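Next come the chains, spelled out residue by residue.
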Amino acid sequence: MENRSLVSIADHTREKIEYLIQMAQEFERRPNRHLLEGKVVATLFFEPSTRTRLSFETAANRLGARVIGFADPKVTSGTKGETLKDTIMMVSNYADVIVMRHYLEGAARYASEVAPVPIVNAGDGANQHPSQTMLDLYSMYKTQGTLDNLNIYLVGDLKYGRTVHSMLTAMRHFSPTFHFIAPEELAMPETYKKYCRDHGIKYVEHTEFDADVIAGADILYMTRVQKERFTDLMEYERVKDRYLLKLDMLAKAKPTMKILHPLPRVNEIEYSIDDDPHAYYFEQARNGLYARQALICDALGITLEDVKNDKTIIL
Ligand code: CP
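Values in this document were obtained by computation on a predicted structure and should not be read as measured data. (Residues numbered from 1 in each chain as written. Predicted model: local features only at pLDDT ≥ 70, side-chain atom pairs only at ≥ 80, totals over all residues. Heavy atoms only, no water.)

On to the domain arrangement of the protein chain. Taken domain by domain, the protein chain comprises domain 1 (9-128 + 288-308) and domain 2 (131-284). Each of domain 1 and domain 2 was reduced to a C-alpha centroid, and the two centroids are 25 Å apart. Every contact between the two is made by 31 residues of domain 1 and, on the other side, 26 residues of domain 2. In total, domain 1 and domain 2 occlude about 2,300 Å² of area from one another, counting both sides; carbon and sulfur atoms represent 56% of this. Of all residues in domain 1, Ile9, Arg14 and Ile21 bury the most surface against domain 2, accounting for 25% of the area lost on that side. Inspection of the region where domain 1 meets domain 2 yields four salt bridges. Measuring nitrogen to oxygen at the nearest pair gives 2.9 Å for the salt bridge that ties Glu28 to Lys142. For the pair domain 1 and domain 2, the interface holds 14 residue pairs in polar contact (both at pLDDT 80 or more). Elements represented by at least two residues in the side of domain 1 that touches domain 2 include exactly α1 (14-29), α2 (51-62), β3 (97-102), β4 (119-124) and α9 (281-299). (Domains from an automatic or database assignment. Contact = heavy atoms within 4.5 Å. Buried area = accessible area lost by both parts, 1.4 Å probe. Salt bridge = Lys/Arg side-chain N within 4 Å of Asp/Glu carboxyl O. Polar contact = N/O pair within 3.5 Å; in protein donor to acceptor, adjacent residues only side chain to side chain. Helix = DSSP H or I, 4+ residues; strand = E, 2+ residues; numbered from the N terminus.)

The structure is reproduced here in structure tokens:
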């Protein structure tokens, strides 16, 4: 049987990404439907989340599915020693698809190999966050009118930030030029730079972060320093406030440039920027609903044609 899990965005072709963007557009036009009536979606969150869990659950609810799951592993039998495999096997008895966030890199891949139902990776450690990448790509497409030949500036924690790692792999189909802006301690790992070289992805590295450096950006993708991934909290304290985007730094920005951030924001973007036309991070999070509706449907074998021909729309 075909495995419909979404573990890594690197598994998707350009055509598949464009297809999912089209599906997200359909859901943005008409988000409320009964397409998933009778289905159960499980959300298993072994790590904290606001946007990812709530937008997946909203996506399922707006499509008529029912939702089960947990937001805190401390309330599960994992605390009694139950393994991830047994947890996944149990939940597969109850749900048609499992959305899972886990602190271990590779947990989603493992779950997809043992589960009889599709797994959607909602973030595994510092590795991948493919549903975030789908909403990031959808946001870039909406604001720039294309995914091709964009200048994408990734700022902040490029070492532990799984969203930037996912984005690199997805963008290999679209001839981007990446600019990596990070302190040395949080630089893009060599393995991802090698990935860029192997796939012909252009990149430039910077440690400076100012108006001149970001003047050429189509997308300025800010990230939070991932405190939870540091083994040395002293090192976190040293780097946590290194890059703060201030309003005056946008003086030379292209008029069409958009600021994205996967959120949560801690101290990376000054609040005065929220009302600036370059700011797009709240709309970006909203796009997550439509992108995740598309991903749940895809995992359950519902096609773009099914969505286009759907007669269950609720106005
Ligand atoms: N972007 C993101 O993953 O946010 P949450 O951790 O709140 O889900």
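So, about the packing of aromatic side chains. Counted according to the given criterion, the structure contains seven aromatic pairs. Taking the centre distance of 5.1 Å and the plane angle of 65° together, the rings of Tyr281 and Phe282 count as edge-to-face. Residue classification places Tyr281 among the buried residues on the basis of a relative accessible area of 1%. (Phe/Tyr/Trp six-rings, centres within 6.5 Å; stacked < 30°, edge-to-face > 60°. Buried < 20%, exposed > 50% of the residue type's maximum accessible area, 1.4 Å probe, protein only.)

Relative orientation of the contacting elements helix α5 (residues 130-144) and α9 amounts to 115°, with a least axis distance of 8 Å. In this structure, α5 crosses over α9, and the sense of that crossing is right-handed. Between α5 and α9, the residues in contact are Ser131, Gln132, Met134, Leu135, Asp136, Tyr138, Ser139 and Lys142 and Gln284, Asn287, Gly288, Tyr290, Ala291, Arg292 and Leu295, respectively. Looking at the contact of α5 with α9 residue by residue, the class counts come to six nonpolar, six polar and three charged. (Axes fitted to C-alpha atoms, helices over the stretch in contact; angles between N-to-C directions. Left-handed = near helix turned anticlockwise from the far one by under 90°. Nonpolar A, V, L, I, M, F, W, Y, C, P; charged D, E, K, R; others polar.)

Once that is clear, we can look at the site of the ligand. Near the ligand the following residues occur: Ser49, Thr50, Arg51, Thr52, Arg101, His129, Gln132, Pro262 and Leu263. For the ligand, an oxygen atom lies 2.9 Å from a polar atom in the side chain of Arg101. Pro262 is positioned such that a nitrogen or oxygen atom in its backbone is 2.8 Å from a nitrogen atom of the ligand. Here the ligand, which alone exposes 250 Å², has 90% of that area covered by the protein. Two domains each provide a minimum of three residues to the shell around the ligand, namely domain 1 (9-128 + 288-308) and domain 2 (131-284). (Near = heavy atom within 4 Å. Areas by Shrake-Rupley, 256 points an atom, 1.4 Å probe, with all protein chains shown as cover.)

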